[in-house]
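# Summary of the model geometry
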Amino acid sequence: MDDERAAVERLERLTGMLRRRGVVLPAFEIHGGAKGLYDFGPVGGRLRAKVESVWRDHWTSQGDVVEISCPTVTPFAVLEASGHVAEFSDFMTVCGACEEASRADTMLEAHHPNPDALSLADLQALLDEASPACPACGEVSWSPVKAENLMFDTVIGAGSSGRAAFLRPETAQGMFTNYPALYRHFRERLPFGAMQLGRGYRNEISPRQGMIRLREFNMAELEYFIDPEVEAAHDLSPWSNINVHLVPAESEPGPSTIPAALEAGTILHPTVAWFMARTYDLMLALGVDADRLRFRQHARDEMAHYAMDCWDVELHGSYGWVECVGIAHRGCYDLDAHEQATGQRLRAWRSFDAPRTVEVDGWTVEGAVAGPAFRALAGKVKVAVEALDASASFPCSLTLEDGNVVEVLPEHVKRLQRTVTEAGEWFVPHVVEPAFGIDRIIWHLIDHAYEEAGEGDEAYVRLRLHRDVAPVDAAVLPLFEKDGMGDRAREVHRRLCSLRGVQAIYDGSGSIGRRYARADEIGTPCCITIDHQTLQDGTMTWRERDTGEQERLSIEAVEARLRA
RNA sequence: GCGGGUAUGGUGUAGUGGUAGCACUCGAGCCUUCCAAGCUCGCUGCGCGGGUUCGACUCCCGCUACCCGCACCA
């Protein structure tokens, strides 16, 4: 109990510090705030940018992954095809007389065996036809059916010509809808990946827990397209000595290496194992505490219906174990769904090892005769004739697929005998998707890095962030702002800020110890102090955040270190 | 969304039907040759909107946000 209270108090001090120092803070606070929406402030903005930059570099370094960027406003049809409309929404309609909102599918249960499964258009049609009375007032005056719920809806365009749309609940759909461009970009060769950093929106019923459940959040997703019949060639040997904490769905949790878990069949697919391993490296590169990271496998009944295997990276922090990354084998579900909805080919070509020859022996129509003879039915006759066995004889009666019966004469047909060579086939690629909740990861970086030393209220606070993500790269401090030390320090500050990718702050107020403390609190990795000796020989002290150790360096040496 | 609690400077708090103190922080200055020192001066506040009232930070109503349960969480 005391531990719990201590943890809550630590969390309060931590979130208080984050607000006070401008890391993360409630959005729109001067207007009363808005639940589930947070700002990254003057310090947090750069923290987020650096985390995203590390993420981006980590994946592009693979060489077969490109970054794209898609709109957040997404037409209804896209999310209907992906299954989000059905999964995320209820179809609502509002009574024109009493303004009571009702679920359209619920009202139509008497008119359809399973109205829950209907599309928006079908539901609208059924509602118009059935015209159920309003359960509240009995009138029949329904507004157009509208999808309501976990997705923010909006309209593209004005007035009656507007198209229904949503703010996207994930970035992934953009990668799928861009599949043809990606396939072309990669010269029609699998495997390849596309990724996207951006905002996603979910109108959560009740957001809680600070940055853990947001209504608008930063996500980073990668869709890796593979040929399901090609044995993936991932070299997992670099991870063969690294034990990670696994929580499999059907066996005991415990430490294991990722290659061993793949070998044992716990991890079901080598590409999933590959992304687990790469993700593990990324998490450590960002500064996650390895002891507070685990991979948890989804149970069969927990997985989305299309997923073939799914592992979450969970990070442990002030809110317990929290899902921060999901690595899912999505099979061909997404491309398949968009292909069916649009009729576009979202496939890849697979050449056979050797061309296959297929003997065709059967019948087809003699177009010049059958066309005029059967007119509108000619197409269906052709299908029926080509379905016949080579042993068929004419004349004969054929029943077409629409039930019509036609008499086919010998002059309507001709024998079709030939050898067809097939060099390969089209198939729908499978997808392995690592999806990252950037805000949740940032929260855990902060949580893991936050350290209070000493006792009680006077605890010394240090944010031990990895320097690759530290929001401020260096603090430049004149020992005193006099005798020219202040001017000299400002000069050094400007010089360091002009380095690409380096952001330094200048702080000249308060005692030197106080300024070190302020820098440590937001995780500034080093402080550069200008003292009397600097005026003599140009050297300055470099102080390490985590150890407090100092050494004297020239400005050139300082620049070289910050650039490294 | 339901139930309970809370809301005073950046932070922690005191207080009243006649618009507010304190501490720390922050800023300016003095002092100080390196880890939240000291001294002087200064800035900053009653969550938002209605109502009652001559007058509301205070009383009443509504809203918002935060905390704790419950529900929700592809």
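Residues numbered from 1 in each chain as written. Chains lettered and ligands numbered in written order. Predicted model: local features only at pLDDT ≥ 70, side-chain atom pairs only at ≥ 80, totals over all residues. Heavy atoms only, no water.

## Remarks on the overall build of chain A
- When its secondary structure is counted, chain A shows 18 helices and 28 strands.
- Across its three principal axes, chain A shows a C-alpha extent of roughly 110 × 70 × 50 Å.
- Looking at chain A residue by residue over its 564 residues, the buried ones come to 46%.
- Contacts in chain A between residues far apart in sequence, at least 24 positions, make up 65% of those at least 6 positions apart. (Helix = DSSP H or I, 4+ residues; strand = E, 2+ residues; numbered from the N terminus. Buried < 20%, exposed > 50% of the residue type's maximum accessible area, 1.4 Å probe, protein only. Contact = heavy atoms within 4.5 Å.)

## A closer look at the protein's contact with RNA strand B
- As a matter of local geometry, RNA strand B sits amid 31 residues, with R202, R514, Y516, R518 and R543 nearest to it.
- Considering RNA strand B, the proportion of its atoms within 4 Å of the protein that are sugar or phosphate atoms stands at 44%.
- Ranked by residue count, the leading element in the surface near RNA strand B is helix α16 (residues 512-521), at six residues.
- Among the residues forming the surface near RNA strand B, the class breakdown is 10 nonpolar, 11 polar and 10 charged. (Near = heavy atom within 4 Å. Nonpolar A, V, L, I, M, F, W, Y, C, P; charged D, E, K, R; others polar.)

## A few points about the pattern of salt bridges
- Applying the stated criterion across every chain, the model contains 32 salt bridges.
- For the salt bridge of R462 with E451, the shortest nitrogen-to-oxygen distance reads 3.3 Å. On the criterion of sequence distance, the pair formed by R462 in strand β23 (residues 460-463) and E451 in strand β22 (residues 450-453) is long-range, its members being 11 residues apart.
- Here E451 falls in the partly exposed class, since its relative accessible area comes to 23%.
- If you follow the salt bridges from partner to partner, you end up with E451, R462, R464, D520, R543, R545 and D546 in one network. (Salt bridge = Lys/Arg side-chain N within 4 Å of Asp/Glu carboxyl O.)

## Observations concerning the sheet that holds strand β10 (residues 192-201)
- In space, the nine strands of this open sheet follow the order β3-β10-β11-β21-β16-β15-β14-β12-β13, with mixed pairing throughout. This sheet does not close on itself; its edge strands, each paired only once, are β3 (65-67) and β13 (254-257). Neighbour-to-neighbour, the strand axes of this sheet turn through a mean angle of 30°, independent of strand direction.
- Seen against the sheet, helix α14 (residues 438-449) touches β10, β11 (216-226), β15 (309-317), β16 (320-331) and β21 (430-437) and runs at an angle of roughly 145° to β16. (Pairing = 2+ DSSP bridges. Axes fitted to C-alpha atoms, helices over the stretch in contact; angles between N-to-C directions.)

## What to know about the packing of helix α2 (residues 44-60) against α14
- Closest axis-to-axis distance for the α2/α14 pair is 11 Å, and the angle between their directions is 110°. Considering their axes alone, α2 and α14 lie roughly perpendicular with respect to each other. Of α14, the residues touching α2 (which contributes L47, R48, V51 and E52) are I438, I442, L445 and I446. (Parallel < 35°, antiparallel > 145°, perpendicular 65-115°, else oblique.)

## What to know about the state of the cysteines
- Applying the stated criterion to the full structure yields zero disulfides.
- Take C310: it sits in no disulfide, and the sulfur closest to it among the cysteines is that of C324, at 14 Å.
- Between C332, a cysteine without a disulfide, and C310, which holds the nearest cysteine sulfur, the sulfur-to-sulfur distance is 17 Å. (Disulfide = S-S within 2.5 Å.)

## Let's talk about the domain arrangement of chain A
- The assigned domain composition of chain A is domain 1 (2-88 + 150-332 + 432-440), domain 2 (89-146), domain 3 (353-424) and domain 4 (472-563).
- Computed from C-alpha coordinates alone, the two centres of domain 3 and domain 4 are separated by 85 Å. (Domains from an automatic or database assignment.)

## Re the environment of Y179
- Structurally, Y179 can be placed in helix α8 (residues 179-185).
- In the structure, Y179 is positioned 179 residues away from V358 in sequence and 31 Å away in space, judged by C-alpha atoms.

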